[in-house]
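For reference, the chains in residue letters:
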Amino acid sequence: MAGWLDLQTDERDQAVGACALAAVFTVCAILTKVINDVTGVPTIWLGNGLLVGGLLALRPRWGVVMLVLSMFGDVMVDLFTGRSLKAMIVYPGLDLIETLLAVWIARRFWASSLRLKNIRDVISILAFACIPAVAIVGALAGLANVLFFGREFLISYRVWFFADLLGVCMTLPATMVILDPRHNRAFQRSLGEHMAFYGGLAGVVFLAFLQPTSPLSFLIFPALILATFRLGPRGAAFGAAVVAAVALPMTLQGAAPALLNDRWALVDRLQVLHLFIVTVFITSLAAALELSKQASLRRLLVRRDRIARAARAKALAANEAKGQFLANMSHEIRTPLNSILGFTRLLSDRQDLPSDVQRQLRLIDQSGESLLTVVNDVLDFSRMEAGQIELDIRPTDMRRLVEDALAIVACDALAKGLDLRLEYDGPVGQAHLIDDRRARQVLLNLLNNAIKFTAAGSVTLRLKIAPLKPGIDDIRVEVADTGVGIAPAAQENLFRRFSQADSSVSRSYGGSGLGLAICKGLMELVGGRIGVTSTLGQGSTFWIEGRARTTAASARAAEPPAAFDLTGVRLLLVDDHPMNREVGAALLTAAGCVVDTAESGEEAVALAAGKPYAAILMDVHMPGMDGLAATRVIRGLDGPAAHIPIIAMSADALPQHVAKCLEAGMVDHVAKPIRREDLFAKVGRWTAAESKSRAA
Ligand code: ADP
């Protein structure tokens, strides 16, 4: 419907344009003939420029309508002014030829996209279409004058050429910019403003032409330019028409402003005046077209900016959805993993199982651990992409850190018969400010890869610490192996996500291809670098380097796992998932705890209110009252129940999830799949603290 209406409006505009042009054409014909008859002076001919402009700017159908109406008007004027039949046929015929010739040339060279966008377009259409057409038809007119009216060829030619050319220079560009709606978009002004500007301009021209002495004519130009700046290309066109409309009749009446020498003959004065009007018009039009171009560029920029913003918002939403999806997937994988790993470890503790079953249990445990690593890697990576990784900087002894990392992988190296070595070059006992957890993560990734991809030989870790300037050291770690090595082409992509040196790797060695991408991201986060040198078949050396501040504070020693005695500790374990309840209760019971279970938040609140638990282990996602709500209710209970330490036990392990738990009133967080040592340590710490504070 809207489209149909638009079309209707557009058609109406075309019809109005065609009729208006024909009307202006007829008025021009009247004025020209009147001036010619009254003064006997040949004047500028504005008609052909109007016709050419109309045919180029209007749709063909409306162009023809305009042409027919204009020709009709012309004949009518001729009839009323008593022209001879010969003149009534020859001159309109020549006008028609000139018009069609100019339009034909213009269409040939500019095809259908003919628009006046800048002054270059104006000059080219005038120079390449109008001047040739006027020159050719001027010659025909000269001939016709000789043949039919007995006039001199050269004089006729000169009069035709200048009258038509000056007229076309004015009316062709004016018509085209007035009919082009795009030139008007940035210059939508009220009718009052239009009238004020044109009125002011007419006043200036009137004053300038009223008296011959003071050189007020120079004010015409700035006045027209001012109108152009406010009203755009159409303002320039209408403004020039206003100048002509006031100046021409006054000049014909004998006015001779300072612009025109009063000793000149009328014909010369008129010619100079025409030149003046064409000059100020073309100059203001140049400025107006430039302004219009800038305005449309600005509009384009605003539109692009809007599109870019929308695209950004969409990308952010997609990213958020991706993050949410990953968090959900991680939660969904962690929950069954909790049962797999928990029951496997419970079974492994049994002494009565045959050795082949023990081996199979170990394999299940290793597979579960690998799956957990993949889930953790994917989460880490998405956190990194979202810029959510926060560093936890603290005094760390780098040497101790690498020794710990080596100790962790020592079993795997031993199992493969690899020689695991450490080479150290640096100060002794110096602490540095780094995020030890993240540094260990990077080192373990490199060491695990080195062991994974080395069948025989050695894996060597080289740590070099050298002072860069006072208070800052350069730290470089190399992990060199004698393994399979990496082909040069594959080395370039290694640090990209999901990249493995070749596709058979994941089949034979496993892995997600995210480890090195995460290492790179972490190293970049601390302003460091990571790289590799490798020879296929001989081994690889992965290196990381960065700078770290030294500190006088002593590095915190890795906390030795505290040996808590959990015998007789009364606990409430809350989880809606029966398998999680079973595995959690079994682990804790095996450690000597007395465990009650609840399967909902409501049940947990009821039990907590009635029994003196040493701690509550609380799942977070539960139907009905969830873990966070239950915690808030328990914290609001009367009596000692309000102070029971509540430890979250959840598969939601992102920092923001942990923060939410603490906010709700929990004291700690154990991530699922539960690690026995982690669970015991946290339960031990909180129940010991609680019993100490109670004793005090
Ligand atoms: P993945 O979890 O698959 O091991 P990484 O990002 O840690 O992912 O490693 C990506 C790939 O880089 C590996 O699959 C392997 O092709 C190659 N790679 C990494 N370390 C070594 C190494 N020490 N020797 C040979 N190839 C390696």
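Scroll up for the structure.
Residues numbered from 1 in each chain as written. Predicted model: local features only at pLDDT ≥ 70, side-chain atom pairs only at ≥ 80, totals over all residues. Heavy atoms only, no water.

Participant: What's the story with the sheet that holds strand β12 (residues 668–671) in this structure? I'm lost.
Facilitator: By way of backbone hydrogen bonds, the strands of a sheet pair with one another, either parallel or antiparallel. Strands sit in the order β9-β8-β10-β11-β12 across an open sheet of five strands; the sheet is parallel. With partners counted over all chains shown, the strands left at the sheet margins are β9 (594–598) and β12, one partner each. Across the sheet, the mean angle from the axis of one strand to that of its neighbour is 25°, orientation sign disregarded. Here four bridges tie strand β11 (residues 646–650) to β12, and the two strands are oriented parallel to one another. Note on β12: the bridge partner recorded for isoleucine 647 is aspartate 668. (Pairing = 2+ DSSP bridges. Helix = DSSP H or I, 4+ residues; strand = E, 2+ residues; numbered from the N terminus. Axes fitted to C-alpha atoms, helices over the stretch in contact; angles between N-to-C directions.)

Participant: Explain the packing of aromatic side chains to me, please; I cannot follow it from the model alone.
Facilitator: Within a pair of aromatic rings, the relevant descriptors are the distance that separates the centres and the angle that separates the planes. A full pass over the atoms with the stated rule returns eight aromatic pairs. Centroid distance tyrosine 91 to phenylalanine 149: 5.5 Å. Interplanar angle 10°. Geometry classified as stacked. Residue tyrosine 91 is found in helix α4 (residues 85–110), and its partner phenylalanine 149 is found in helix α5 (residues 119–149); the two are separated by 58 residues along the sequence. Exposure remark for tyrosine 91: the relative accessible area of 15% places this residue in the buried category. A relative accessible area of 24% means that phenylalanine 149 is categorised as partly exposed. Ring centres of tyrosine 157 and phenylalanine 161 lie 6.0 Å apart, and the angle between their planes is 15°; on these two criteria the pair is classed as stacked. (Phe/Tyr/Trp six-rings, centres within 6.5 Å; stacked < 30°, edge-to-face > 60°. Buried < 20%, exposed > 50% of the residue type's maximum accessible area, 1.4 Å probe, protein only.)

Participant: Would you take a moment to explain the pairing of strand β6 (residues 529–535) for this structure?
Facilitator: As a general feature of sheets, a regular strand has side chains that alternate between the two faces. Bridging between β6 and strand β7 (residues 539–551) involves seven bridges; their strand directions are antiparallel. Residue pairing across strands places threonine 533 opposite threonine 541, the latter belonging to β7.

Participant: How do you make sense of the nonpolar core when you look at a structure like this?
Facilitator: In globular proteins that are soluble, nonpolar side chains generally tend to be buried together. If you look at the biggest cluster of nonpolar residues, it comprises 74 residues, and the most contacted ones within it are Leu56, Met66, Ile125, Leu126, Leu172 and Phe209. For this core, the leading source of residues is helix α8 (residues 220–252), giving 15 residues. Every residue in contact with methionine 66, bar those within four places of it in the chain, is listed here: Ala18, Leu21, Ala22, Leu50, Leu51, Gly54, Leu55 and Leu58. Membership of the second largest hydrophobic core comes to 43 residues, among which are Val402, Ile451, Val459 and Leu494. (Core = buried A, V, L, I, M, F, W, Y, C linked by side-chain atoms within 4.5 Å. Contact = heavy atoms within 4.5 Å.)

Participant: Could you clarify how one ought to interpret a positive patch on the surface in this entry?
Facilitator: A contiguous patch of positive charge on the surface is contributed by Arg185, Arg303, Arg304 and Arg306. Within the secondary structure layout, arginine 304 lies in helix α9 (residues 266–348). (Patch = residues over 30% accessible without salt bridge, like charges linked within 9 Å, V, L, I, M, F, W, Y side chains within 5 Å. Areas by Shrake-Rupley, 256 points an atom, 1.4 Å probe, with all protein chains shown as cover. Salt bridge = Lys/Arg side-chain N within 4 Å of Asp/Glu carboxyl O. Lys, Arg positive; Asp, Glu negative; His and termini not counted. Charge placed at Lys NZ, Arg CZ, Asp CG, Glu CD.)

Participant: Whenever I open this one, the packing of α9 against helix α10 (residues 355–385) confuses me. Can you help?
Facilitator: Between α9 and α10, whose axes approach to 9 Å, the crossing angle comes to 160°. Accordingly, the angle class assigned to the pair α9 and α10 is roughly antiparallel. Along this stretch, α9 crosses α10, giving a crossing that reads as left-handed. Tallied by class, the residues present in the contact of α9 with α10 amount to 14 nonpolar, seven polar and six charged. (Parallel < 35°, antiparallel > 145°, perpendicular 65-115°, else oblique. Left-handed = near helix turned anticlockwise from the far one by under 90°. Nonpolar A, V, L, I, M, F, W, Y, C, P; charged D, E, K, R; others polar.)

Participant: How should helix α11 (residues 398–415) be read in this particular structure?
Facilitator: Along an α-helix, residues three or four apart share an orientation, since each turn contains 3.6 residues. Between its first and last C-alpha atoms α11 spans 26 Å; for 18 residues at 1.5 Å apiece the expected length is 26 Å, and the two agree. At valine 409, α11 is bent by approximately 45°, the largest bend along its length. Of all the positions in α11, only Met398, Leu401, Val402, Ala405, Leu406, Val409 and Ala413 are classed as buried. Summarising the contacts, the buried residues of α11 are in contact with β1 (394–397), β2 (419–425), β3 (431–434), α12 (436–452), β4 (458–469) and β5 (472–481). The backbone nitrogen of arginine 399 has a side-chain oxygen 3.0 Å away, supplied by the residue at the start of α11, namely aspartate 397. Backbone geometry just downstream of α11 places glycine 417 in the positive-phi region, at approximately 70°. (Expected span 1.5 Å × (residues − 1). Bend = angle between axes of the 7 residues up to and from the residue. Polar contact = N/O pair within 3.5 Å; in protein donor to acceptor, adjacent residues only side chain to side chain.)

Participant: Any chance you could explain the pairing of β7 here in plain terms?
Facilitator: The pairing of β3 with β7 spans two bridges and is classified as antiparallel. Looking across to β7, one finds that histidine 432 is bridged to threonine 550. As paired elements, β5 and β7 share nine bridges and run antiparallel to each other. When the bridges of β7 are listed, glutamate 478 appears paired with tryptophan 543. Counting the residues between successive antiparallel strands, the hairpin from β6 to β7 contains three residues, one of them, glycine 537, with a positive phi of roughly 85°.

What is shown is where atoms sit, not what they do.
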